[in-house]
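Single-letter residue listing:
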There are 2 protein chains.
Amino acid sequence: MKTGRKQIVVLGAGFGGLEFCKQLGHPDADITLIDRQNHHLFQPLLYQVATAGLSATDIAQPIRSILAHLPQVTVLLDEVTGFRLAEKQVILGDHTRSYDYLVIALGGCTSYFGHPEWERFAPGLKSLQDALQIRNRILLAFEQAESDVTPERHSRLLTIVVIGGGPTGVELAGACAELCRHVLQTDFRHIHTRETHIILLEAAPRILAHLPPELSASARRQLEALGVQVRTDTKVKAITADCVELETGEIIRARTILWGAGVAANPLTRQLGVPLDRAGRIQVNPDRTLPGHPEVFAIGDLAAVLTPEGTPVPGVSPAAIQMARHVAGIIGDELAGHHLHAPRQPFHYHDKGTMATIGRSAAVAKIGRLEFSGFPAWLAWLGVHLLFLVGFRNKVTVLFQWFYSYLTYKRGARIITQLPPPPGPPPAG
Amino acid sequence: MKTGRKQIVVLGAGFGGLEFCKQLGHPDADITLIDRQNHHLFQPLLYQVATAGLSATDIAQPIRSILAHLPQVTVLLDEVTGFRLAEKQVILGDHTRSYDYLVIALGGCTSYFGHPEWERFAPGLKSLQDALQIRNRILLAFEQAESDVTPERHSRLLTIVVIGGGPTGVELAGACAELCRHVLQTDFRHIHTRETHIILLEAAPRILAHLPPELSASARRQLEALGVQVRTDTKVKAITADCVELETGEIIRARTILWGAGVAANPLTRQLGVPLDRAGRIQVNPDRTLPGHPEVFAIGDLAAVLTPEGTPVPGVSPAAIQMARHVAGIIGDELAGHHLHAPRQPFHYHDKGTMATIGRSAAVAKIGRLEFSGFPAWLAWLGVHLLFLVGFRNKVTVLFQWFYSYLTYKRGARIITQLPPPPGPPPAG
């Protein structure tokens with residue numbers, strides 16, 4: 001550690017962590033960004049990788065590439081295992097790192113409402129690995145159905161259940177329906193679209209419950225037009241291999257069961273010794289700091305915060321980005337000595353809108369008081385996401401992929417990459 | 001099986017198997033194409049995925065997409081485990097498939113010259129899984145070197161040994177040198193290009209021994225200009241974790257050891273009960289059939305054949321494609337009844353040239369009697385490969401990727417995708 005230079009440690013290279021690094025421009029600070037992965041993931045499009053619409057490299061970029069132009073930022077591939085807040089240290093396995101300021105932006109993880117045993121049967125969608133596993137499962141189910149199998153097995157292989165009627169579940173269900181509808185027609189000889197069943201289960205009375213009722217209804221109609229069976233007021237009681245049991249006792253047999261129903265904070269928050277909400281999110285002060293630790297900030301999905309109206313700020317990228325800028329401003333001021341003249345400002349969330357896609361050319365969107373759906377909403381979704389997508393090359397590639405996909409229904413990303421290794425070499429002699 | 005229609009089973013969806021399916025246009029034949037993977041892989045560019053220059057989806061396309069326009073072709077994801085040639089059946093695990101004609105196009109696998117135990121320390125490059133594993137290993141080595149490590153460990157992490165001076169080894173070594181040279185400069189803060197060592201080991205007196213000596217020398221000069229240390233007349237005695245031992249007793253410590261030195265036929269050839277050469281390739285008749293089995297053909301890398309000059313036909317894609325067309329012609333004639341008037345023609349290989357790239361903008365090439373190197377050879381290589389690349393979308397995407405890569409040195413495919421799963425959800429309560 002260089003004498004005189006402040007050391008800022010940032011945990012997590014999602015939207016929050018990255019934006020902080022880009023915004024904090026002080027010459028006397030060294031920033032160390034730590035992440036378990038070497039890439040930044042554009043999560044809003046992860047469902048497209050899961051349904052073979054985009055490839056992994058279209059939505060991920062190495063963190064180092066993104067921050068290469070900032071020489072004061074060092075990126076380290078490492079894993080946080082704990083904290084020593086009193087000594088101002090982060091624990092990374094068998095070594096530690098000291099800090100003057102700590103920014104925790106570790107994000108969220110999939111939550112199974114107290115049933116962690118469901119995870120192996122119903123994968124969530126938080127990482128590239130999740131998305132690729134889901135894609136493989138869906139594609140392999142089609143492949144198996146193409147061979148001679150019993151009618152019961154044929155039906156089970158072609159049934160996909162999506163649990164959770166929030167944006168993730170709606171997007172997954174719509175994209176699955178599209179995959180089945182457009183891919184099966186041309187690619188497979190012994191299975192047909194009418195044999196597939198995409199079922200979306202939602203415990204509440206309507207899907208997309210955070211949007212106004214008319215948008216929920218519009219989304220439902222659009223999903224049903226795509227062939228998705230939407231079942232609201234439907235609670236899941238148990239999930240086992242190829243099987244979902246509802247609270248009514250009804251059994252649904254499906255080879256592919258996808259979980260889009262719950263998100264919690266990264267479980268490392270429990271190691272901080274500060275108050276957490278029910279989902280494990282840190283109850284931060286208005287300026288984003290941990291109670292009792294003015295040099296430790298928490299931003300993004302693992303920080304609990306309320307809007308002025310008293311509703312929780314959603315775990316979406318614009319919120320993480322705004323929090324990151326707020327904290328960068330605070331720390332920048334303090335490094336420059338400005339804080340001596342003014343106290344830290346509280347964070348205010350400005351809702352820039354929320355949207356969810358339904359299939360290839362439809363969506364629902366609410367921006368401010370403006371609500372719209374169908375193709376215009378999809379265009380808005382496309383524009384907003386391309387704006388946020390990191391790096392020029394990804395924007396053009398994704399745009400090209402989307403247009404080609406849209407025009408031709410082709411899915412170049414429909415490859416399965418995790419099969420057993422090829423046969424080994426012949427033995428000696 | 002429909003009465004009267006001939007059943008043709010094709011094993012393997014590489015260049016040979018695919019070309020056969022596309023060329024055989026007889027209305028009375030049903031073709032079943034069987035492969036362990038769901039995608040066709042453009043192997044000449046696999047080394048680019050291994051060195052983070054292209055993504056997996058750029059060089060692979062689902063077999064079904066490629067053959068979707070041929071309704072008489074059914075594609076099955078399945079694995080061949082044996083043969084019953086007398087009963088005209090292929091064994092696929094617990095079931096069998098009967099045929100009137102069988103086309104074996106299973107390709108090759110990496111050979112370790114009687115040392116299968118070397119494979120786990122020195123991966124070969126035959127599948128997407130191989131390429132992604134290699135890419136992860138190289139990138140992770142960089143990541144580890146970025147942290148504080150001992151000088152010895154730092155050096156070992158930044159040393160890459162490529163074994164085998166044929167086209168695969170040369171291309172890997174050149175691409176690794178480029179990756180180190182252009183990526184390290186901007187992306188990493190604590191490691192520098194001069195600390196990296198790329199070493200290419202070749203047992204023969206010169207690399208690219210199948211090309212004329214002046215092209216070998218040109219290739220060597222270009223590799224050395226990129227910073228590769230080329231060591232010919234160098235035999236490997238043993239390979240263990242992070243360590244290569246030469247026959248001289250010298251030890252080279254390297255975190256990344258890549259094998260490009262040997263190719264053998266798919267080991268399933270041993271189950272056919274027909275004569276094989278030393279590399280396990282089938283000693284086919286001039287018309288590509290197995291001795292004693294006029295309805296069974298073998299094409300591509302696992303068929304041994306000599307040119308009119310008596311030299312072995314190399315295991316390259318143009319050879320496989322030519323053999324496929326030849327066999328499709330023979331079978332097509334027989335289905336149409338034409339063969340009653342003329343015997344089967346023997347196969348003649350027309351050498352369309354051979355080339356190998358060296359880094360981003362150089363290569364060596366021999367087409368007919370024309371030999372050239374440097375940038376013009378690289379352009380020729382680019383043109384030929386794009387011509388062979390299957391599917392419109394791949395061509396444009398790969399072209400775009402290459403040009404962007406070439407202009408900006410950016411490597412969008414530098415992501416590591418196989419890290420441990422993210423933290424699980426919090427426990428109940």
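All of these numbers come straight from a predicted model, not from anything done at the bench. (Residues numbered from 1 in each chain as written. Chains lettered and ligands numbered in written order. Predicted model: local features only at pLDDT ≥ 70, side-chain atom pairs only at ≥ 80, totals over all residues. Heavy atoms only, no water.)

Trainee: What is the right way to read the overall build of chain A from this model?
Mentor: Secondary structure summary: chain A contains 11 helices and 25 strands in total. Looking at chain A alone, contacts between residues at least 24 apart form 64% of all its contacts between residues at least 6 apart. Entry remark: accessible area of chain A is about 17300 Å², with carbon and sulfur atoms responsible for 54%. (Helix = DSSP H or I, 4+ residues; strand = E, 2+ residues; numbered from the N terminus. Contact = heavy atoms within 4.5 Å. Areas by Shrake-Rupley, 256 points an atom, 1.4 Å probe, with all protein chains shown as cover.)

Trainee: Teacher, can you tell me more about the packing of aromatic side chains here?
Mentor: Two descriptors summarise a pair of aromatic rings, namely the distance from one centre to the other and the angle between the planes of the rings. Residues and elements named next belong to chain A. Tallied over the full model, the rule gives 12 aromatic pairs over all chains. Plain terms: the ring middles of phenylalanine 15 and phenylalanine 42 are 5.7 Å apart, the flat faces sit at 80° to each other, and that makes the pair edge-to-face. Within this pair, whereas phenylalanine 15 is found in helix α1 (residues 15-23), its partner phenylalanine 42 is found in the loop between β3 (39-41) and α2 (46-50), the two being separated by 27 residues in sequence. Residue phenylalanine 15 shares its accessibility class with phenylalanine 42, and that shared class is buried. Each member of the aromatic cluster is reached from another via a ring pair, and the members are Tyr112, Phe113, Trp118 and Trp259. (Phe/Tyr/Trp six-rings, centres within 6.5 Å; stacked < 30°, edge-to-face > 60°. Buried < 20%, exposed > 50% of the residue type's maximum accessible area, 1.4 Å probe, protein only.)

Trainee: Can you help me understand unusual backbone geometry in this one?
Mentor: One can expect most non-glycine residues to show negative phi and most peptide bonds to be in trans. Even without being glycine, arginine 288 of chain A reaches a positive phi, approximately 85°. Here arginine 288 of chain A lies in the loop between β19 (282-283) and β20 (289-290). A relative accessible area of 1% places arginine 288 of chain A in the buried class. A positive phi angle, near 45°, is found at leucine 208 of chain B, a position not held by glycine. Note that leucine 208 of chain B resides in the loop between β12 (197-201) and α8 (213-226).

Trainee: Just to check I follow, could you spell out helix α7 (residues 167-187) of chain A for this structure?
Mentor: Each α-helix turn comprises 3.6 residues. Residues three or four places apart therefore point the same way. Spanning 21 residues, α7 of chain A covers 29 Å between terminal C-alpha atoms, matching the ideal 30 Å at 1.5 Å per step. Most of α7 of chain A is tucked away: 15 of the 21 residues are buried. (Expected span 1.5 Å × (residues − 1).)

Trainee: Is there a simple way to explain the sheet that holds strand β15 (residues 243-246) of chain B in this structure?
Mentor: Backbone-to-backbone hydrogen bonds join strands into a sheet, with any given pair of strands oriented parallel or antiparallel. Residues and elements named next belong to chain B. Pairing in this open sheet of 3 strands is antiparallel, and the strands run β14-β15-β16 from one edge to the other. Of all strands in the sheet, those bounded by a partner on one side alone are β14 (236-240) and β16 (251-253). The sheet shows a mean angle of 20° between the axes of neighbouring strands, taken without regard to direction. Note: β14 against β15, 4 bridges, orientation antiparallel. Among the inter-strand pairings, threonine 240 is bridged to a residue of β15, identified as cysteine 243. (Pairing = 2+ DSSP bridges. Axes fitted to C-alpha atoms, helices over the stretch in contact; angles between N-to-C directions.)

Trainee: Just checking my understanding: could you explain the nonpolar core for this structure?
Mentor: Buried together is how nonpolar side chains tend to be arranged in soluble globular proteins. Judged by nonpolar contacts, the single largest core of 65 residues is most densely connected at Ile59, Phe142 and Leu223 of chain B. With 10 residues, the top contributor of residues to this core is helix α7 (residues 167-187) of chain B. Phe42, Val228, Ile358 and Ala365 of chain A belong to the second largest nonpolar core, which has 64 residues in total. (Core = buried A, V, L, I, M, F, W, Y, C linked by side-chain atoms within 4.5 Å.)

Trainee: Hey, could you run me through helix α5 (residues 128-146) of chain B in this one?
Mentor: An ideal rise of 1.5 Å per residue puts 27 Å on 19 residues; α5 of chain B measures up with 27 Å between its terminal C-alpha atoms. The buried count for α5 of chain B comes to 14 of 19 residues, which makes it a mostly enclosed element.

Trainee: Whenever I open this one, the environment of methionine 323 of chain B confuses me. Can you help?
Mentor: Residue and element names in this part refer to chain B. Within the secondary structure, methionine 323 sits in helix α9 (residues 317-336). Linking methionine 323 and histidine 197, residues 126 residues apart in sequence, is a C-alpha distance of 41 Å. Setting aside chain neighbours within four positions, we find methionine 323 in contact with Arg288, Ile299, Gly300, Ala303, Val305, Val313 and Phe347.

Trainee: In this structure, what is going on with the pairing of strand β21 (residues 293-298) of chain A? I would like to understand it.
Mentor: Consecutive side chains of a regular strand alternate in pointing toward one face of the sheet and then the other. Residue and element names in this part refer to chain A. Burial of β21 is extensive: 5 of the 6 residues sit out of reach of the surface. Across 3 bridges, the pairing between strand β9 (residues 101-104) and β21 is parallel. When the sheet's bridge partners are listed, valine 103 is paired in β21 with phenylalanine 297. By the bridge criterion, 2 bridges tie β20 to β21 in an arrangement that is antiparallel. From the neighbouring strand, threonine 289 faces β21, where its bridge partner is phenylalanine 297.

Trainee: Can you help me understand the confidence of the model for chain A in this one?
Mentor: Should pLDDT be low for a region, the predicted coordinates there are not to be read in detail. Residues and elements named next belong to chain A. Averaged over every residue, the pLDDT of chain A is 86; residues scoring 70 or more account for 90%. By mean pLDDT, the top-scoring element of chain A is β9 (98), and the lowest-scoring one is helix α11 (residues 392-408) (61). If you check the scores for this complex, the pTM reads 0.85 and the ipTM reads 0.80. (pLDDT = per-residue confidence, 0-100.)

Trainee: Looking at this structure, I do not really get the side chain of serine 111 of chain A. What am I missing?
Mentor: Within the fold, serine 111 of chain A resides in the loop between β10 (108-110) and α5 (128-146). A polar contact of 3.4 Å, which involves the side chain of serine 111 of chain A, links it to the backbone nitrogen of phenylalanine 113 of chain A. (Polar contact = N/O pair within 3.5 Å; in protein donor to acceptor, adjacent residues only side chain to side chain.)

Trainee: Which parts of the structure should I look at to understand the packing of helix α1 (residues 15-23) of chain B against α9 of chain B?
Mentor: Residue and element names in this part refer to chain B. Relative to each other, α1 and α9 sit at 35°, their axes nearing to 8 Å. Seen from above, α1 lies across α9 with right-handed handedness. Of the residues in α9, those in contact with Phe15, Gly16, Glu19, Phe20 and Gln23 of α1 are Ser317, Ala320, Ile321, Ala324, Arg325, Val327, Ala328 and Ile331. Split by residue class, the contact of α1 with α9 holds 8 nonpolar, 3 polar and 2 charged. (Left-handed = near helix turned anticlockwise from the far one by under 90°. Nonpolar A, V, L, I, M, F, W, Y, C, P; charged D, E, K, R; others polar.)

Trainee: I'm lost on the sheet that holds strand β16 (residues 251-253) of chain A in this one. Help?
Mentor: All names here are of chain A. The strand order across the open sheet formed by 3 strands is β14-β15-β16, and the pairing between neighbours is antiparallel. With one partner strand each, in any of the chains shown, β14 (236-240) and β16 form the two edges of the open sheet. Across the sheet, the axes of successive neighbouring strands diverge by a mean angle of 20°, strand direction being ignored.

Trainee: What's the story with the state of the cysteines in this structure? I'm lost.
Mentor: Enumeration over the complete set of coordinates arrives at 0 disulfides over all chains. We note that cysteine 180 of chain A lacks a disulfide partner, and the nearest cysteine sulfur, in cysteine 176 of chain A, lies 6.4 Å from it. (Disulfide = S-S within 2.5 Å.)

Trainee: In this structure, what is going on with the side chain of aspartate 187 of chain B? I would like to understand it.
Mentor: Looking at where aspartate 187 of chain B falls in the secondary structure, it is placed in helix α7. Aspartate 187 of chain B sits in the buried class, given a relative accessible area of 5%. Excluding residues that lie within four positions of it along the chain, aspartate 187 of chain B makes contacts with Arg64, Ser65 and Ala68 of chain A together with Arg414 of chain B.

Trainee: Got a minute to help me understand the environment of glutamine 48 of chain A in this structure?
Mentor: All names here are of chain A. Looking at where glutamine 48 falls in the secondary structure, it is placed in helix α2. Assessed through its relative accessible area of 5%, glutamine 48 is described here as buried. Taking the C-alpha atoms as reference, glutamine 48 lies 46 Å from alanine 342; in sequence the two are 294 residues apart. Engagement of the side chain of glutamine 48 in a polar contact is seen with the side chain of tyrosine 47, the distance being 3.4 Å.

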